[in-house]
Amino acid sequence: MSRGQLRPILKDEGSETMTFTAQRKRISSLAGVAVAAILMAGCTPVVSDDGGGSASATPTAGGTLEVAQAGDFQPGQVLATRNGNFAWVRSVFEPLTEFDVDNEPQPVLATEWSFPEDGMSATFTLRDDVTFHSGRQMTAEDVKWTFEKTKDPASASQVGFIAAKFSDIEVTSPTSLTVTFSEKMAPASIFDFLEQTYIVDSETFDGLADGSQIIGTGPYAVSDYSAGVSLTVERNDDWWGEGQYLDSMVFNRVGDSTAQLSALRSGRSQIGYGLSLVDAQGFASDPQFEVLDGGGIIYVLGVDVNQAPFDDVRVRQAIQYGIDRDRINEQVFAGEATVTNLFWAPGAEGTTEEQANHYAYDPDKARELIEEAGATGASVPITVVSLPATQSEYEIIANNLSEIGLVPSAVPVDETTFNSLQNQGDLGPAFLLLHGQVGFGETTMLNSLPSLRADNPSHFDSPEYQELRGDFLTADTDQSGQALSALTDYLLEQAFAVPIVQAPGKFVVSDSVQGLQISKRGAMLFADASLTK
């Protein structure tokens, strides 16, 4: 089956096993690529007939596309969700499946999968024509090795908790394997795991840590990598799919939003990712560019409940009442974010508007709580990752906290250091988190988001928290909304980590780019991308 095909999901009626398979439909001409882009599984067409790019539907082969991105590359963390990897990683590495715009899983390296109705196992059939960039054929043993690797805390995989419930992985042939679960699992959780788990090469995996060997199966292979500076990929002529119109792509780290803006205006870069939303919106009315949404980030203020003054719940609640979220939305996110105190998607079953706006801006109430707790004048060091949005977010929060009687200060760190500290649960007394897992199910988020999982950097835990988590995770369908509501009330009351906004990812794309696609989770897909002359 070629890439770019329509891939409906089928169910064997009358069977005790739900079987999903790929359906062949070949896109036979270059003129059909525009249509293929719309139909391609797992992708949102981003340079389409109604937006930027040339009106021409015929891709032009050749050329080098340059991307300016704010985040730093983290090849050693390809099994984790990392902002600095969103732009390039999906061109180099591939998952078994990927969600489409309707949130339906579609095949990538897998061609079929089935789930017995007892929910205790899953069987996958793989493509038989996939090779790593090293030239070695990918087999089911590599998938097994990757799945087991995600269990290792060092992988930092946010979905490793799902792999931890794989009691056995049996490779039944070079292209098939069966995974047995230690407890009943919903297919939705498995597909969350599959999309976030890129298949890696066991023989070169150690080279990912320092970037000396970045070996995947994708349409482009890494040819040069300079840590913190740039990453270059070239067309992989042995790829199993079709397209690959570009000769190469260069991803440049441009941490400053103004510098990114300049690179786009001058034509040095054709795509910008990670600009502040205010700068990104400046391109919205320019016919030479298109501003596109993809994925999203949950911005969170968290505190360590073991460190004073945050061992007092009144102080934790006070700082949440003291944050002017609407101002942050307007000044940092150009009014495009969703102001919410919830981690879940807006309108999640069982949640209410009152919960979403629980910590509406109320500086008088915040100041009163600070005074009651005897915390007036307390120092609040806040760990801030060096990204444009979080740095701007901090400036407003610092002003807000000063107004309610606290003394905030910034502790800036680079992305690599921030992620390492987050994994160690050592982010300090207060910290600004960002979670790029918008759109995942509540069950997956509860176990994968650093703010909420068992080893959260707030060091928060309690018997009641565990009971409410358990009630939700084991609730029947008709009880899950009520269980999620009760859990949400508790999270809001304890206030150890509360979202500020949920903001869409913004991609600024020159009209010289055609065929670029963005997955529902926000990964950039360049297999069909080309440059106009």
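From a predicted model like this one, the values you see are computed outputs, not experimental measurements. (Residues numbered from 1 in each chain as written. Predicted model: local features only at pLDDT ≥ 70, side-chain atom pairs only at ≥ 80, totals over all residues. Heavy atoms only, no water.)

### Considering the overall build of the chain
So, step 1. Within the chain, the secondary structure is distributed over 16 helices and 23 strands.
So, step 2. Across the 533 residues of the chain, 59% fall into the buried class.
So, step 3. Residue pairs at least 24 apart in sequence account for 71% of intrachain contacts in the chain once pairs closer than 6 positions are excluded. (Helix = DSSP H or I, 4+ residues; strand = E, 2+ residues; numbered from the N terminus. Buried < 20%, exposed > 50% of the residue type's maximum accessible area, 1.4 Å probe, protein only. Contact = heavy atoms within 4.5 Å.)

### A look at the environment of Val303
So, step 1. Topologically, Val303 is positioned in strand β14 (residues 289-303).
So, step 2. For Val303, the contacting residues outside a window of four places in its chain are Phe310, Arg316, Ile319, Pro429, Ala430, Phe431, Ser458, Ala495 and Phe496.

### Section: the pattern of salt bridges
Once their charged atoms are close, side chains differing in charge can pair, the charge on each being opposite to the other.
So, step 1. Using the criterion set out here, one finds 17 salt bridges in the structure.
So, step 2. Of the charged contacts, one joins Glu336 and Lys506 as a salt bridge, the two residues approaching to 2.7 Å between their closest N and O atoms. Separated by 170 residues along the polypeptide, Glu336 in the loop between α9 (325-332) and β15 (338-339) and Lys506 in strand β19 (residues 497-510) bring together distant segments of the chain.
So, step 3. A relative accessible area of 30% places Glu336 in the partly exposed class.
So, step 4. Assessed through its relative accessible area of 8%, Lys506 is described here as buried.
So, step 5. Via salt bridges that share partners, Arg136, Asp142, Asp201 and Glu203 belong to a single interconnected network. (Salt bridge = Lys/Arg side-chain N within 4 Å of Asp/Glu carboxyl O.)

### Notes on the layout of surface pockets
So, step 1. By volume, the largest pocket amounts to about 1,100 Å³.
So, step 2. When contributions to the lining of the largest pocket are tallied by element, the ones reaching two or more residues are β1 (17-21), β6 (110-116), α4 (160-163), α5 (187-196), α14 (442-448), α15 (463-473) and α16 (477-494).
So, step 3. The element contributing the most residues to the lining of the largest pocket is α5, with five residues.
So, step 4. Broken down by class, the residue content of the lining of the largest pocket amounts to 20 nonpolar, eleven polar and ten charged.
So, step 5. Space inside the second largest pocket adds up to approximately 310 Å³.
So, step 6. Along the walls of the second largest pocket sit 16 residues, with Pro153, Ala156, Ser157, Arg453 and Asp455 positioned nearest its centre. (1 Å grid on protein atoms, 1.4 Å probe; cavity = no way out; pocket = protein on both sides within 12 Å on 5 of 7 lines; lining within 4 Å. Points joined across faces, edges and corners; volume = space filled by probe spheres on them. Nonpolar A, V, L, I, M, F, W, Y, C, P; charged D, E, K, R; others polar.)

### Quick notes on the packing of aromatic side chains
So, step 1. Within the structure shown, the criterion is met by 23 aromatic pairs.
So, step 2. Taking the centre distance of 4.7 Å and the plane angle of 15° together, the rings of Tyr273 and Phe507 count as stacked. Placement of the pair is Tyr273 in strand β13 (residues 271-273) and Phe507 in strand β19, with a sequence separation of 234 residues.
So, step 3. A relative accessible area of 0% means that Phe507 is categorised as buried.
So, step 4. In this structure, Arg469 is placed above the aromatic ring of Tyr465, and the distance from its NZ or CZ to the ring centre is 5.4 Å. (Phe/Tyr/Trp six-rings, centres within 6.5 Å; stacked < 30°, edge-to-face > 60°. Lys NZ or Arg CZ within 6 Å of the ring centre and 35° of its normal.)

### Some details on a negative patch on the surface
So, step 1. Side chains of Glu354, Glu464, Glu467, Asp471, Asp489 and Glu493 sit close together on the surface and give a patch of like negative charge.
So, step 2. Elements represented by at least two residues in the negative patch include exactly α15 and α16.
So, step 3. Ranked by residue count, the leading element in the negative patch is α15, at three residues.
So, step 4. In this structure, Glu354 sits in helix α10 (residues 353-356).
So, step 5. Taking relative accessible area as the criterion, Glu354 reaches 66% and is therefore assigned exposed. (Patch = residues over 30% accessible without salt bridge, like charges linked within 9 Å, V, L, I, M, F, W, Y side chains within 5 Å. Areas by Shrake-Rupley, 256 points an atom, 1.4 Å probe, with all protein chains shown as cover. Lys, Arg positive; Asp, Glu negative; His and termini not counted. Charge placed at Lys NZ, Arg CZ, Asp CG, Glu CD.)

### Side note on the packing of α9 against helix α12 (residues 388-403)
So, step 1. Interhelical geometry of α9 versus α12 gives an angle of 145° and a closest axis separation of 10 Å. Here α9 and α12 pass one another in a crossing that is right-handed. Every residue of α12 that contacts α9 at Arg327, Ile328, Gln331 and Val332 is listed here: Ala389, Ser392, Glu393, Ile396, Ile397, Asn399 and Asn400. (Axes fitted to C-alpha atoms, helices over the stretch in contact; angles between N-to-C directions. Left-handed = near helix turned anticlockwise from the far one by under 90°.)

### With respect to helix α6 (residues 257-266)
So, step 1. Inspection of α6 places Ser257, Gln260, Ala263 and Leu264 among the buried residues, and these make up the whole buried set. Here the buried residues of α6 occupy an arc of 115° about the axis, which is enough to place them on one side.
So, step 2. Those residues of α6 that are buried lie in contact with β3 (64-69), β13, α7 (277-281), β14, α12 and β19.
So, step 3. One side-chain oxygen at the N-terminal end of α6 lies 3.1 Å from the backbone nitrogen of Thr258; it belongs to Asp256. (Arc of directions from axis to C-beta. Polar contact = N/O pair within 3.5 Å; in protein donor to acceptor, adjacent residues only side chain to side chain.)

### A word on the confidence of the model for the chain
Low pLDDT marks stretches whose predicted atomic positions should not be read closely.
So, step 1. Per-residue pLDDT for the chain averages 87, and the proportion of residues at 70 or more is 89%.
So, step 2. Every residue in residues 1-55 is under pLDDT 50, and counting partners more than four places away or in other chains gives 128 contacts. (pLDDT = per-residue confidence, 0-100.)

### Points about α12
So, step 1. For α12, built from 16 residues, the straight-helix expectation of 22 Å at 1.5 Å per residue is met to within 8% by its first-to-last C-alpha distance of 24 Å.
So, step 2. If you check which residues of α12 are buried, you get Pro388, Ala389, Thr390, Glu393, Tyr394, Ile396, Ile397, Ala398, Asn400 and Leu401. (Expected span 1.5 Å × (residues − 1).)

### Here's the deal with the nonpolar core
So, step 1. In this structure, Phe333, Phe343, Trp344, Ile382 and Tyr465 are the most contacted members of the largest nonpolar core, which totals 74 residues.
So, step 2. Contact partners of Phe333, with chain neighbours within four places excluded, come to Leu277, Tyr299, Ile328, Ala389, Val501 and Ala503.
So, step 3. Residues Leu65, Val78, Val89 and Tyr225 belong to the second largest nonpolar core, which totals 36 residues. (Core = buried A, V, L, I, M, F, W, Y, C linked by side-chain atoms within 4.5 Å.)

### Re the side chain of Ser276
So, step 1. Looking at the element boundaries, Ser276 is found in the loop between β13 and α7.
So, step 2. Engagement of the side chain of Ser276 in a polar contact is seen with the backbone nitrogen of Asp279, the distance being 3.1 Å.

### Topic: the environment of Thr351
So, step 1. On the secondary structure map, Thr351 appears in the loop between β15 and α10.
So, step 2. A residue is classified by how much of its surface remains accessible, and Thr351, at 16% relative accessible area, is buried.
So, step 3. Thr351 sits 130 residues away from Gly481 along the chain, and the two C-alpha atoms are 7.4 Å apart.
So, step 4. If we ignore the near neighbours within four places in the chain, the residues touching Thr351 are Leu342, Trp344, Leu484 and Thr488.

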